[in-house]
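Structural description and commentary
Each chain is listed here by its residues.
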Amino acid sequence: MEKCRKLVIVRHGNTFRAGETPTRVGARTDLPLVEEERARSAGRYLREKGIVIDKVISAPLKRTLETANYILEEMNVDLPIIQDLRLKEIDYGPDENMVEDHVIKRLGSLYLEKEGMDRKDLTEDRIVESGLSVIAQWNEKAVVPLGWNVDVEKLISGWQDLAASIPDGETWLLVSSNGVMRFSPYILGNYEDFCATHDIKVPTGGVCIFDCVGDHWRCTDWGIKAYKLFK
């Protein structure tokens, strides 16, 4: 009889303190965590669910490696953390480490001009509206905005390969980032349906759990805010 295998994916904790202006932190911006709570809460959530981790894989960035360490500490688990480039955050191109207002306006202008609008006819309101629409497509359907350096097919195959590598009966913990994690539901085979019923933008410290018997993967937890459960 085939045993259940599990894939646990956790987004790293916060890299900005309350009151600070966040930026689009991508593959080229290696910030450390500014707090432990979200990572430790994720570890506590997994511990209280009775999840036993067999292997830990993390993106090779400070924020993900620190998160993985705090999770393991909270779970009282002593396992090596394997670094894997497939989990490294996407490269936001010209929007890397930029504040969101800048990103929205750049994308809004770019898309309106691409539609044939003259730059002199672009009002700020129209630019912002266009930019927000582009970001909404990214957050709702993972449609990559122009200029971002994202190999979607490589991301999808990376998640599928990782999921297929888990032996029967084992549970793997993967620690990654927002841009990469939204492609993980491709292992389910019904990505559009998943996007229609879930917020694919996982919060910092968010926990996602998939399990599989045979070849049938299902998602049992998505974007769980464990830090809100243990206050």
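Computed from a predicted model, the values in this text were never measured in an experiment. (Residues numbered from 1 in each chain as written. Predicted model: local features only at pLDDT ≥ 70, side-chain atom pairs only at ≥ 80, totals over all residues. Heavy atoms only, no water.)

**A word on the environment of alanine 18**
Position of alanine 18 relative to the elements: it lies in the loop between strand S1 (5-11) and helix H1 (37-48). By relative accessible area, which is 85% here, alanine 18 ends up exposed. Residues alanine 18 and arginine 86, spaced 68 residues apart in sequence, show a C-alpha to C-alpha distance of 30 Å. (Helix = DSSP H or I, 4+ residues; strand = E, 2+ residues; numbered from the N terminus. Buried < 20%, exposed > 50% of the residue type's maximum accessible area, 1.4 Å probe, protein only.)

**Observations regarding the sheet that holds strand S6 (residues 216-224)**
Ordered by their spatial adjacency, six strands build an open sheet running S3-S2-S4-S1-S5-S6, and the pairing between neighbours is mixed. At either margin of the open sheet sits one strand with a lone partner, and together these are strand S3 (81-83) and S6. Between one strand and the next, the sheet's axes are offset by a mean angle of 20 degrees, whatever the strand orientation. Relative to strand S5 (residues 207-213), S1 is paired through six bridges, and the arrangement is antiparallel. Bridging from a neighbouring strand, valine 10 pairs with valine 207 of S5. Along the sheet, H1 contacts S1, strand S4 (171-176), S5 and S6; its crossing angle with S5, the most-contacted strand, is approximately 35 degrees. (Pairing = 2+ DSSP bridges. Axes fitted to C-alpha atoms, helices over the stretch in contact; angles between N-to-C directions. Contact = heavy atoms within 4.5 Å.)

**Considerations on the domain arrangement of the protein chain**
When its domains are assigned, the protein chain resolves into domain 1 (3-90 + 164-226) and domain 2 (92-139). Once you take the C-alpha centre of each, domain 1 and domain 2 turn out to be 30 Å apart. Counting from both sides, the interface comprises 17 residues of domain 1 and, opposite them, 12 residues of domain 2. For the pairing of domain 1 and domain 2, the buried interface totals around 1300 Å² over both sides, and the portion due to carbon and sulfur atoms is 47%. Between glutamate 100 and arginine 24 there is a salt bridge, and its shortest N-O distance comes to 2.9 Å. At the boundary of domain 1 and domain 2, one finds 11 residue pairs in polar contact (both at pLDDT 80 or more). Taken together, the residues that form the side of domain 1 that touches domain 2 break down as six nonpolar, five polar and six charged. (Domains from an automatic or database assignment. Buried area = accessible area lost by both parts, 1.4 Å probe. Salt bridge = Lys/Arg side-chain N within 4 Å of Asp/Glu carboxyl O. Polar contact = N/O pair within 3.5 Å; in protein donor to acceptor, adjacent residues only side chain to side chain. Nonpolar A, V, L, I, M, F, W, Y, C, P; charged D, E, K, R; others polar.)

**A few points about the packing of helix H3 (residues 100-114) against helix H4 (residues 124-141)**
Taken N-terminus to C-terminus, the directions of H3 and H4 make an angle of 100 degrees; their axes are 7 Å apart at the nearest point. Judged by the inter-axis angle, H3 sits roughly perpendicular to H4. Within the contact between the two elements, H3 uses Glu100, Val103, Ile104, Lys105, Leu107, Gly108, Ser109, Tyr111 and Leu112 and H4 uses Glu124, Arg126, Ile127, Val128, Ser130, Gly131, Leu132, Val134 and Ile135. Here the residues of the contact of H3 with H4 sort into 10 nonpolar, four polar and four charged. (Parallel < 35°, antiparallel > 145°, perpendicular 65-115°, else oblique.)

**Re the packing of H1 against helix H2 (residues 62-75)**
Close contact between H1 and H2 brings their axes to 7 Å; oriented N to C, the two are set at 40 degrees. What the angle tells us is that H1 and H2 run oblique. Once H1 is placed against H2, the crossing between them reads as right-handed. Where H1 abuts H2, its residues Ala39, Arg40, Ala42, Gly43, Arg44, Leu46 and Arg47 lie against Thr67, Tyr70, Ile71, Glu73, Glu74 and Met75. Its residues placed into classes, the contact of H1 with H2 shows six nonpolar, two polar and five charged. (Left-handed = near helix turned anticlockwise from the far one by under 90°.)

**Re H2**
With 14 residues, H2 should reach 20 Å at 1.5 Å per residue; the first-to-last C-alpha distance of 20 Å fits that figure. Where H2 terminates, the next one or two residues include asparagine 76, which has phi positive at roughly 55 degrees. (Expected span 1.5 Å × (residues − 1).)

**Comments concerning the side chain of arginine 182**
Mapped onto the elements, arginine 182 comes out in the loop between helix H6 (178-181) and helix H7 (191-197). Sequence-distant contacts of arginine 182, that is, excluding residues within four places in its chain, are made with Trp138, Asn139, Ala142, Tyr191, Ile200 and Lys201.

**Quick look at the UniProt feature "binding site: substrate" (unreviewed entry) in the protein chain**
Listed under "binding site: substrate" (unreviewed entry) in the UniProt record, and renumbered for this structure, are Arg63, Glu89, Ile90, Asp91 and Tyr92. Structurally, isoleucine 90 is set in the loop between S3 and H3. By relative accessible area, which is 4% here, isoleucine 90 ends up buried. Summarising the element assignment, aspartate 91 is placed in the loop between S3 and H3. Side chain to side chain, aspartate 91 and arginine 28 meet in a polar contact 2.9 Å long. (UniProt positions renumbered as here; feature names shortened; annotations may be inferred.)

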